[in-house]
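Topology and contacts: notes
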Amino acid sequence: VMGERSEAWLLDTAERNWAARRIERCGAATNHVTIATDWTTLSADCRDHARSEGRLVERDGRLDFAGSYRDSATIPPVVSSGRYAASTSALAARDGRLTVSDFQRIMRDHYDSGEVYRLGASPEDERFICLCRLYEVVPTTASMVAEFSDSAQMPVLCRVAFWNPRLAPYIPVFPAALTPSPHP
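Residues numbered from 1 in each chain as written. Predicted model: local features only at pLDDT ≥ 70, side-chain atom pairs only at ≥ 80, totals over all residues. Heavy atoms only, no water.

**What about the sheet that holds strand 9 (residues 171-173)?**
Quick note on the threshold: The criterion for strand pairing is that DSSP finds at least two bridges linking the strands in question. Strands here are runs of E lasting at least two residues and helices are runs of H or I lasting at least four, both read from the DSSP assignment and numbered beginning at the N terminus. Fitting a line to C-alpha atoms yields each axis, with helices limited to the stretch in contact; the angle taken between N-to-C directions then spans 0 to 180 degrees. Throughout, a contact is declared for two residues whenever any of their heavy atoms are within 4.5 Å.
The antiparallel open sheet is built from 3 strands, whose spatial order is 7-8-9. Strands with a single pairing partner mark the edges of an open sheet, and in this sheet they are strand 7 (143-147) and strand 9. Strand-to-strand, the axes of this sheet are offset by a mean angle of 25°, without reference to chain direction. Relative to the sheet, helix 4 (residues 100-107) contacts strand 7 and strand 8 (157-161), its axis offset from that of strand 7 by approximately 165°.

**Looking at the environment of Arg-5**
Turning to its location among the elements, Arg-5 is positioned in the loop between strand 1 (2-3) and strand 2 (8-14). Spatially, the C-alpha atoms of Arg-5 and Asp-150 are 6.9 Å apart, while their sequence positions differ by 145 residues. For Arg-5, the contacting residues outside a window of four places in its chain are Phe-148, Ser-149, Ser-151, Ala-152, Met-154, Pro-155 and Val-156.

**Brief notes about the sheet that holds strand 1**
With antiparallel pairing, 4 strands are arranged side by side in an open sheet as 1-2-3-4. Strands at the two margins of the open sheet, each flanked by one partner only, are strand 1 and strand 4 (41-42).

**Examining the layout of surface pockets**
Condition: In the cavity and pocket records, a cavity denotes points on a 1 Å grid over the protein atoms alone where a 1.4 Å probe fits but cannot get out, a pocket denotes an open set with protein on both sides within 12 Å along at least 5 of 7 lines, and lining residues are residues with an atom within 4 Å of a point. Grid points are joined across faces, edges and corners, and a volume is the space filled by probe spheres set on the points. As a working rule, the residues Ala, Val, Leu, Ile, Met, Phe, Trp, Tyr, Cys and Pro are called nonpolar, Asp, Glu, Lys and Arg charged, and the rest polar, with Gly in that last group.
Counted as a void, the second largest pocket has a volume near 160 Å³. Considering the residues around the second largest pocket, the lining is formed by 12 residues, among which Ala-14, Val-33, Tyr-69, Arg-70 and Asp-71 are closest to the centre. Its residues assigned to classes, the lining of the second largest pocket comprises 4 nonpolar, 4 polar and 4 charged.

**Some details on the environment of Gly-67**
Along the chain, Gly-67 turns up in helix 2 (residues 65-69). Here the alpha-carbon distance between Gly-67 and Thr-37, two residues 30 residues apart in the chain, equals 8.9 Å.

**Some thoughts on unusual backbone geometry**
One non-glycine residue, Glu-15, lies in positive phi territory at about 55°. Along the chain, Glu-15 falls in the loop between strand 2 and strand 3 (17-23).

**So, the pattern of salt bridges**
Operational definition: Take a side-chain nitrogen of Lys or Arg and a carboxyl oxygen of Asp or Glu: if they are within 4 Å of each other, that pair is a salt bridge.
Applying the stated criterion across every chain yields a total of 6 salt bridges. The partner of Arg-55 in a salt bridge is Glu-15, and the shortest N-O contact between them spans 2.9 Å. Placement of the pair is Arg-55 in the loop between helix 1 (46-52) and strand 5 (58-59) and Glu-15 in the loop between strand 2 and strand 3, with a sequence separation of 40 residues. The closest approach of N and O atoms between Glu-58 and Arg-47, which form a salt bridge, is 2.3 Å. Of the two residues, Glu-58 sits in strand 5 while Arg-47 sits in helix 1, which places them 11 residues apart along the sequence.

**Topic: the nonpolar core**
The following threshold applies: Side-chain atoms within 4.5 Å link the members of a nonpolar core, which is a set of buried Ala, Val, Leu, Ile, Met, Phe, Trp, Tyr and Cys residues. Type-normalised accessible area, obtained with a 1.4 Å probe on protein chains alone, sets the label of each residue: buried when under 20%, exposed when over 50%, and partly exposed for intermediate values.
Membership of the largest hydrophobic core comes to 14 residues, with the highest contact counts inside it found for Ala-19, Trp-39, Leu-42, Cys-46, Leu-63, Phe-65 and Tyr-69. Breaking this core down by element, the ones donating at least two residues are strand 2, strand 3, helix 1 and helix 2. The element that contributes the greatest number of residues to this core is helix 2, accounting for 3 residues. Ignoring sequence-local partners within four residues, the contact set of Trp-39 consists of Ala-19, Ala-20, Arg-21, Arg-47, Arg-62 and Leu-63. Ranked by size, the runner-up nonpolar core spans 5 residues in total, among them Val-100, Val-145, Ala-168 and Tyr-170.

**A short note on the side chain of Thr-34**
If you trace the backbone, Thr-34 turns up in the loop between strand 3 and strand 4. Residue classification places Thr-34 among the buried positions, given a relative accessible area of 12%. With sequence-adjacent residues up to four places away left out, Thr-34 is seen in contact with Leu-10, Asp-12, Ala-28, Ala-66 and Tyr-84.

**With respect to the pairing of strand 3**
Of all 7 residues making up strand 3, 5 are buried, and the element is well covered by its neighbours. Pairing analysis gives 7 bridges linking strand 2 to strand 3, with the strands arranged antiparallel. Bridge pairing in strand 3 links Thr-13 to Trp-18. Linkage of strand 2 to strand 3, two consecutive antiparallel strands, is achieved through a turn of 2 residues, within which Glu-15 is found at a positive phi near 55°.

If you want it as structure tokens, here you go:
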């Protein structure tokens, strides 16, 4: 996900190909390709490459990027599909109107246990976002929540959990920004 004060985009990549979708209200990303036929723009050779590899999927005359490029052997659905569903559901529940604390809570989500790990839960539950080292899959390694001000004069404030968000505090970080030239 890429964003600034006035717009945000989701970019999915596969090999040298990509699809991008402008996010209108809210959007989420996970460990697998999620843009299907709802892309705004594609890389130049995307369709031809999928056709040459024998994996072209089209729906209603549009390339289905996820259908053509999602590799469920590398990222099994049990690891990513539920996380994507939980993310989009959490965003939709509030119509995208979330506070920084809400986002941090979402990133720490462990299904019905909230921010606390529920013993016995497994990736097959597919209803949580944070993957702890306790699961036998690649764990969540970090997360970031970026806050944009309405004022272009205010810097972007990022809060970063530099390791598993279940255990790590979110540390405020100000990304490097261009500074005005001292000479007019």
